Amino acid sequence: MASPSTSSLCITALLLVVVSWATSASARNFYQDFDVTWGDGRAQILNNGDLLTLSLDKASGSGFQSKNEYLFGKIDMQLKLVPGNSAGTVTAYYLSSNGSTWDEIDFEFLGNLSGDPYILHTNVFSQGKGNREQQFYLWFDPTADFHTYSILWNPQRIIFSVDGTPIREFKNAESMGVPFPKSQPMRIFSSLWNADDWATRGGLVKTDWTQAPFTASYRNFNADNACVWSSGSSSCASSSSSSSSDGNAWLSEELDSTSQERLKWVQSNYMIYNYCTDAKRFPQGLPPECTMS
């Protein structure tokens, strides 16, 4: 018969095995979730899959994409952007489908001269049509540390958030004849590339290659609340009517009153461009979704 101390050691060891198994089962890493797709060694997965870096030099940028396709999801990624003089560079992080009538949900970070703020550029494409840009400054230095950039995409709306604060909502306006991304599964893509013909002050400021390589870093990807699309079927229940009970409450999530106030705060203080107020660009009238509250 084992002594009490021996029994305690056995139980402790068993608990450690169970905890270790649960941790490894739930932990995600970039090796599991993503493929490096271009850059000839400029994209690197480090720290046992916990960190991914993209680099850009005069010869090439780099990029990666998710192994999975998703049809709706709540997706988080932490990014730390290119520091210093990042003028001319673009770090893109987005969801996109394939084909000539693709859907796409974009975060793009437009670099700038040292000391000048990054511009966060957002856009939504549906059936190959975009032109729905909203641009923002951020209320922090996105190069000093990692920050969480999130996309909530469900059948009713798309919400862009930064560190849990919503910055943009694109509602389903199919009732007004506006296509909404809801039938084409999308992969997650990210790339770091040179766009000095347009990215900074309309292309007036060029990339300073003496500062290369430029590097952006990624960690803590989370798509636990997302519908993986595989072989023509979704990992989520087909009906969202029981969404709150089956763990898919995000499929019908909307902004509560507190989140709506935070959205208004961002748009009042940090939005620098909104296609819905650009009457010169749309002389025939603003797009119909712009009339939605």
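Residues numbered from 1 in each chain as written. Predicted model: local features only at pLDDT ≥ 70, side-chain atom pairs only at ≥ 80, totals over all residues. Heavy atoms only, no water.

Participant: Help me get a handle on the pairing of strand 6 (residues 89-96), residues and values and all.
Facilitator: Most of strand 6 is tucked away, with seven of its eight residues classed as buried. Across eight bridges, strand 6 lies against strand 13 (residues 187-194) in antiparallel orientation. In the sheet register, Tyr94 faces strand 13, and the bridge partner there is Phe189. As defined by bridge partners, strand 6 adjoins strand 7 (residues 104-110) across seven bridges and the pair is classed as antiparallel. Directly across from Val90, in strand 7, lies its bridge partner Leu110. (Buried < 20%, exposed > 50% of the residue type's maximum accessible area, 1.4 Å probe, protein only. Helix = DSSP H or I, 4+ residues; strand = E, 2+ residues; numbered from the N terminus. Pairing = 2+ DSSP bridges.)

Participant: Could you give me a rundown of the UniProt feature "active site" (unreviewed entry) in the protein, with the residues and numbers involved?
Facilitator: The positions UniProt marks with the feature "active site" (unreviewed entry) are Glu104 and Glu108. If we ignore the near neighbours within four places in the chain, the residues touching Glu104 are Tyr94, Leu95, Ser96, Asn123, Val124, Phe125 and Met186. Structurally, Glu108 can be placed in strand 7. Apart from residues lying up to four places away in sequence, Glu108 is in contact with Val90, Thr91, Ala92, Ile119, Leu120, His121, Trp193 and Trp198. (UniProt positions renumbered as here; feature names shortened; annotations may be inferred. Contact = heavy atoms within 4.5 Å.)

Participant: Could you give an account of the state of the cysteines, with specific residues and numbers?
Facilitator: Enumeration over the complete set of coordinates arrives at two disulfides. Here Cys227 engages in a disulfide with Cys236; their sulfurs sit 2.1 Å apart. Its S-S torsion of approximately -100° makes the covalent link between Cys227 and Cys236 left-handed. When its relative accessible area of 13% is taken as the criterion, Cys236 is described as buried. (Disulfide = S-S within 2.5 Å.)

Participant: How would you sum up the sheet that holds strand 4 (residues 62-66)? Please name residues and give values.
Facilitator: Strand order across the open sheet formed by eight strands is 1-4-13-6-7-8-9-16, with antiparallel pairing between neighbours. Only two strands of the sheet have a single neighbouring strand rather than two, namely strand 1 (34-38) and strand 16 (271-274). Taken over all neighbouring pairs, the strand axes of this sheet differ in orientation by 15° on average, direction set aside. Judged from the seven bridges that link them, strand 7 and strand 8 (residues 119-125) form a sheet pairing that is antiparallel. Bridging across to strand 8, Phe109 finds its partner in Leu120. (Axes fitted to C-alpha atoms, helices over the stretch in contact; angles between N-to-C directions.)

Participant: A description of the packing of aromatic side chains should follow, citing residues and the corresponding values.
Facilitator: Taken as a whole and judged by the stated rule, the model has 20 aromatic pairs. Arranged with centres 4.8 Å apart and planes meeting at 75°, the rings of Phe34 and Phe221 form a pair that is edge-to-face. Taken together, the positions of Phe34 in strand 1 and Phe221 in strand 14 (residues 214-230) put the pair 187 residues apart, joining distant regions of the chain. Taken as a pair, Phe34 and Phe221 share a single burial class, namely buried. Taking the centre distance of 6.0 Å and the plane angle of 65° together, the rings of Trp209 and Phe214 count as edge-to-face. What makes Trp209 partly exposed here is its relative accessible area of 22%. Residue class for Phe214 comes out buried when judged on its relative accessible area of 3%. An aromatic cluster is present here, built from Phe30, Phe34, Phe64, Tyr218 and Phe221 joined pairwise through their rings. (Phe/Tyr/Trp six-rings, centres within 6.5 Å; stacked < 30°, edge-to-face > 60°.)

Participant: Summarise helix 3 (residues 257-269); cite the residues concerned and give the values.
Facilitator: For helix 3, built from 13 residues, the straight-helix expectation of 18 Å at 1.5 Å per residue is met to within 8% by its first-to-last C-alpha distance of 18 Å. Every buried residue of helix 3 is accounted for by Ser259, Leu263 and Val266. Across the axial projection of helix 3, the buried residues extend over an arc of 65°, all falling on one side. Residues of helix 3 that are exposed and point over 90 degrees away from its buried face: Ser257, Thr258, Lys264 and Ser268. Structurally, helix 3 contributes buried residues whose contacts are with strand 9 (134-136), strand 12 (165-171) and strand 16. (Expected span 1.5 Å × (residues − 1). Arc of directions from axis to C-beta.)

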